Amino acid sequence: MRNDGLTVNLLFLVSVVTFGTWFPLAYNIVALNGPQLVVVTWIRSVGCSRISNTSSIFTDVNETHSQWQLWCSEFIAESGDEVGEMLAENHTLNAVWALTSALFSLGGLISALTSGPLIHRYGLKISILINAAILVGGTGVCCLSPVAHSFEMLIVGRIIVGFAVGSGCVLTPMYTAELTPVALRGALGTLPTTMFVLGMIAATVMGLPFVLGNSWGWPILLTLHLLPVGLMCVVLPFCPESPRHLFLRRGEKVAAEQALVWLRGTTDVQEELAVIQEEAEKDSTRDRVSIVGLLRSPFLRSTLWLAAVPMTALHFSGYSCLSFYSTAIFSAAGLTRLNSIYASLGLWCIFLLVNLVSLTLVDRSGRRILLLISHAGTLIGLCFLVLTMALTRHQGYEWTKYGSVASIFFFIVSHGVALFSVPWILGAELFTQEARAAAMTLISVVCWVTELMATLIFPLIIAAAQEYTFIIFIGFVALTGLFTYWKVPETKGKTIKQIQDLLRPPNCK
């Protein structure tokens with residue numbers, strides 16, 4: 001009897017793969033957040049040792065040379081935001097810290113451009129395992145950087161890690177989609193997002209000063225994401241490759257049938273095999289649209305804008321900066337360093353709950369309306385954040401610190417309603433099968449480029465503009481909100497053909 005329900009084998013495999021790919025992705029985004037002061041101090045120590053041939057920051061030598069003062073003299077903060085003042089004073093140190101955080105996204109950008117050839121040559125399962133090996137290597141480079149006394153190694157390691165987890169972000173949804181029956185793709189599609197936020201929570205907890213967010217523990221902190229990766233590497237070799245890959249790419253119909261039997265828990269899989277073969281025959285009659293072909297087509301190019309603009313709003317709303325620098329932002333809002341980490345932990349717990357709720361609303365309320373609500377709430381949160389941070393800094397009001405914290409929480413709730421998830425849904429819904437691969441590649445590139453720009457520029461601007469930095473995000477969210485209101489159609493409950501008819505001008509239908 002055919003079984004389209006959830007089996008133990010299917011749930012186990014999808015859980016292990018998403019745990020081993022999306023958990024490390026989020027973990028590494030947040031990992032340097034809690035121990036930021038410790039890592040920045042270490043980078044300063046490395047710079048000092050290169051100037052004075054000593055690894056000690058704190059020295060009694062009365063040196064007037066400007067470089068010595070910047071890198072080696074004892075730093076005494078005038079306010080509670082020690083790391084913010086340290087970075088504002090030393091622009092080179094600030095640039096090194098910005099590169100350390102942001103070039104993680106450069107690795108993700110490279111992976112978005114190279115995942116396709118890797119899949120074509122090795123298949124999804126083997127590609128995931130290859131990226132796991134790359135992740136281990138990148139993690140090793142990061143962890144050896146304190147031993148080598150080289151912040152350049154930390155930066156290079158972060159790029160390698162970003163490449164590995166970025167590839168997993170592309171490979172895992174494709175692998176799980178090809179394993180899962182159509183009726184379960186929506187339900188199991190929530191697992192990557194759940195694992196992502198769990199990775200944020202785990203990194204924040206382990207980054208507490210009394211856990212691993214200290215001078216001896218932060219290199220260990222950067223290795224813990226290998227635990228789910230190790231579990232995945234032990235389990236995955238004993239699990240099947242995607243049935244579609246076995247059937248369509250390798251022509252191994254018997255192996256594909258065995259994989260389906262294992263996944264579905266029944267021998268009645270002939271109907272599903274027939275569907276795969278029928279889809280293959282249909283695809284063979286269509287010409288695949290390349291990236292260049294997509295960009296040359298006026299219709300496809302205009303459709304790409306509908307998916308790309310919400311994707312840019314995902315990161316240029318300030319979310320990426322909050323992910324990488326939430327502890328510093330809470331400190332700048334007036335909280336102590338420890339309370340800032342606790343606030344970050346609470347923030348990601350709330351984010352997890354909001355995402356679980358939003359996943360139930362997307363198919364009920366619609367994509368467009370949720371995007372508009374998300375934009376409006378994000379704007380309100382950012383406006384109040386600028387106001388309360390300015391009052392705290394210039395007027396010294398104590399209550400405004402808590403107003404800033406509340407504004408950040410309101411921002412993350414609003415962002416989680418739609419801006420975090422709907423841009424990915426739109427990319428898959430707005431394009432036909434032959435154009436979808438090229439479109440999703442370009443959308444992934446947009447995602448990583450905007451994240452790289454936001455996280456690289458933010459620490460440089462905030463050192464000069466401080467709380468008024470968020471005005472930039474306010475302006476951008478306002479623009480993308482207007483674009484969404486005027487241009488983005490509602491795709492809820494519509495087939496691909498209906499969406500295409502809606503998008504095409506009357507004279508082109």
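Residues numbered from 1 in each chain as written. Predicted model: local features only at pLDDT ≥ 70, side-chain atom pairs only at ≥ 80, totals over all residues. Heavy atoms only, no water.

An unreviewed UniProt entry lists the protein chain under the name Solute carrier family 2, facilitated glucose transporter member 1, with Hypsibius exemplaris given as the organism. UniProt's Sequence similarities (unreviewed entry) comment on the protein chain is quoted here verbatim: "Belongs to the major facilitator superfamily. Sugar transporter (TC 2.A.1.1) family." Recorded in UniProt under Subcellular location (unreviewed entry), the annotation for the protein chain is "Membrane". (UniProt positions renumbered as here; feature names shortened; annotations may be inferred.)

The next thing to look at is the overall build of the protein chain. When helices and strands are counted, the protein chain shows 24 helices and zero strands. Out of the 509 residues in the protein chain, the part that is buried amounts to 53%. Taking as baseline every contact in the protein chain between residues at least 6 positions apart, the subset at least 24 positions apart corresponds to 79%. (Helix = DSSP H or I, 4+ residues; strand = E, 2+ residues; numbered from the N terminus. Buried < 20%, exposed > 50% of the residue type's maximum accessible area, 1.4 Å probe, protein only. Contact = heavy atoms within 4.5 Å.)

Glancing now at the state of the cysteines. Applying the stated criterion across every chain yields a total of one disulfide. In this model, Cys48 is linked to Cys72 through a disulfide, with the two sulfur atoms separated by 2.3 Å. Taking the sign of the S-S torsion, about 120° here, the bridge from Cys48 to Cys72 comes out right-handed. Residue Cys48 is found in helix α2 (residues 36-52), and its partner Cys72 is found in the loop between α3 (66-71) and α4 (82-89); the two are separated by 24 residues along the sequence. This pair shows no difference in class: Cys48 is buried, exactly as Cys72 is. (Disulfide = S-S within 2.5 Å.)

This part is about the packing of aromatic side chains. Under the counting rule described, the total for this entry stands at 13 aromatic pairs. Here the aromatic rings of Phe23 and Tyr27 are separated by 6.1 Å at their centres, their planes lie at 25°, and the arrangement is stacked. One end of the pair is Phe23 and the other is Tyr27, both in helix α1 (residues 8-30) and four residues apart, which spans about a single turn. Residue Phe23 is classed as buried on the basis of its relative accessible area of 10%. For Tyr27, a relative accessible area of 1% corresponds to the buried category. Taken together, Trp22, Phe196, Tyr319, Trp348, Phe351 and Phe420 form an aromatic cluster joined through their ring pairs. (Phe/Tyr/Trp six-rings, centres within 6.5 Å; stacked < 30°, edge-to-face > 60°.)

This paragraph deals with the side chain of Ser167. Its place among the elements puts Ser167 in helix α7 (residues 151-179). If sequence neighbours within four positions are ignored, Ser167 has contacts with Ser111, Ser115 and Asn131.

Okay, the nonpolar core next. Judged by nonpolar contacts, the single largest core of 134 residues is most densely connected at Leu25, Phe196, Tyr319, Trp348, Phe431 and Phe470. Considering every element that reaches this core, the biggest residue donor is α1, with 12 residues. When near neighbours in sequence (up to four residues on either side) are disregarded, Phe470 contacts Ile329, Leu382, Leu385, Val386, Met389 and Phe458. (Core = buried A, V, L, I, M, F, W, Y, C linked by side-chain atoms within 4.5 Å.)

Take a nonpolar patch on the surface next. Taken together, Ile380, Phe384, Leu387 and Phe410 make up a surface patch of nonpolar side chains, about 390 Å² in accessible area. Top element by residues in the nonpolar patch is helix α19 (residues 367-395). It accounts for three residues. Here Leu387 lies in helix α19. (Patch = residues over 30% accessible without salt bridge, like charges linked within 9 Å, V, L, I, M, F, W, Y side chains within 5 Å. Areas by Shrake-Rupley, 256 points an atom, 1.4 Å probe, with all protein chains shown as cover. Salt bridge = Lys/Arg side-chain N within 4 Å of Asp/Glu carboxyl O.)

This part covers the packing of helix α6 (residues 124-148) against α7. Axis separation between α6 and α7 bottoms out at 8 Å; the angle between their running directions is 160°. Considered as vectors, α6 and α7 are oriented roughly antiparallel to each other. As α6 packs across α7, the resulting crossing turns out to be left-handed. Along the lines of polarity and charge, the residues of the contact of α6 with α7 split into 18 nonpolar, seven polar and three charged. (Axes fitted to C-alpha atoms, helices over the stretch in contact; angles between N-to-C directions. Parallel < 35°, antiparallel > 145°, perpendicular 65-115°, else oblique. Left-handed = near helix turned anticlockwise from the far one by under 90°. Nonpolar A, V, L, I, M, F, W, Y, C, P; charged D, E, K, R; others polar.)

This part covers the pattern of salt bridges. Taken as a whole and judged by the stated rule, the model has two salt bridges. For Arg50, the salt bridge identified is with Glu152, shortest N-O distance 2.8 Å. Of the two residues, Arg50 is situated in helix α2 and Glu152 in helix α7; the sequence distance between them amounts to 102 residues. You can call Arg50 partly exposed: its relative accessible area is 44%.

All right, on to empty space enclosed by the protein then. Gaps left between atoms show up when a probe the size of a water molecule is rolled over them. Tallied over the full model, the rule gives three cavities of 30 Å³ or more. Approximately 80 Å³ is the volume found for the largest cavity. Lining the largest cavity, in full, are Gly20, Thr21, Pro24, Ile128, Asn131, Ala132, Leu135, Ala164, Val165, Gly168, Val229 and Met232. For the lining of the largest cavity, the secondary structure elements donating two or more residues are α1, α6, α7 and α11 (226-235). (1 Å grid on protein atoms, 1.4 Å probe; cavity = no way out; pocket = protein on both sides within 12 Å on 5 of 7 lines; lining within 4 Å. Points joined across faces, edges and corners; volume = space filled by probe spheres on them.)

Our focus in this paragraph is the environment of Leu13. Tracing the backbone shows Leu13 in helix α1. Taking the C-alpha atoms as reference points, Leu13 and Thr176, 163 residues apart in sequence, are found 8.6 Å from one another. Setting aside its immediate chain neighbours within four residues, Leu13 contacts Tyr175, Leu179, Leu236, Cys239, Pro240, Trp262 and Leu263.

Given 3.6 residues per helical turn, the α-helix brings residues three or four places apart onto the same face. The end-to-end C-alpha distance of helix α16 (residues 298-316) is 26 Å, a good match for the 27 Å that 19 residues give at a rise of 1.5 Å each. Roughly 25° is the biggest bend found in α16, and it falls at Leu306, with proline Pro310 one to four residues downstream. Count one or two residues on from α16 and you reach Gly318, which has phi positive near 105°. (Expected span 1.5 Å × (residues − 1). Bend = angle between axes of the 7 residues up to and from the residue.)

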